[in-house]
Amino acid sequence: MTTAMTETASTDVASELTSLDRCDSCGAQAYVRATMPAGGVLLFCAHHASKHREKLTGLGAQWHDETAKLHAANDRSI
């Protein structure tokens, strides 16, 4: 009983996306994770996240957005 509760709690915490996470649409680095109500997960680059966000959030997807990393990386390179 305690084990099941621990497993559920650990899966609720969204882990940070890494350079190994790839967009399901094009294979570029993923900066957004969309978790569907039924438990499915979709990963998107910034471009495809923008393209699909309205529809997926309308279906109840939880949105984990790390696109701010792109802006931070651009600010450091200037």
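Residues numbered from 1 in each chain as written. Predicted model: local features only at pLDDT ≥ 70, side-chain atom pairs only at ≥ 80, totals over all residues. Heavy atoms only, no water.

Looking up the protein in an unreviewed UniProt entry gives the name DUF7455 domain-containing protein, with the organism given as Aurantimicrobium photophilum.

## Description of the sheet that holds strand 1 (residues 32–35)
What counts is decided by this rule: By the convention used here, strands pair only if DSSP detects at least 2 bridges between them. Strands here are runs of E lasting at least two residues and helices are runs of H or I lasting at least four, both read from the DSSP assignment and numbered beginning at the N terminus. Only C-alpha atoms enter the line fits that serve as axes; for helices the fit covers just the stretch in contact. Angles between N-to-C directions range over 0 to 180 degrees.
Taken together, 3 strands build an open sheet; the order of strands is 2-1-3 and the sheet is antiparallel. Two strands lie at the open edges of the sheet, namely strand 2 (41–44) and strand 3 (62–65), each paired on one side alone. Going across the sheet, the axis of each strand differs from the next one's by a mean of 15 degrees, ignoring polarity. In this structure, strand 1 lies alongside strand 2, joined through 4 bridges in antiparallel fashion.

## What to know about the environment of leucine 20
Take leucine 20: it is sitting in the loop between helix 1 (2–12) and strand 1. With 10 residues separating them in the primary sequence, leucine 20 and alanine 30 have C-alpha atoms 8.3 Å apart.

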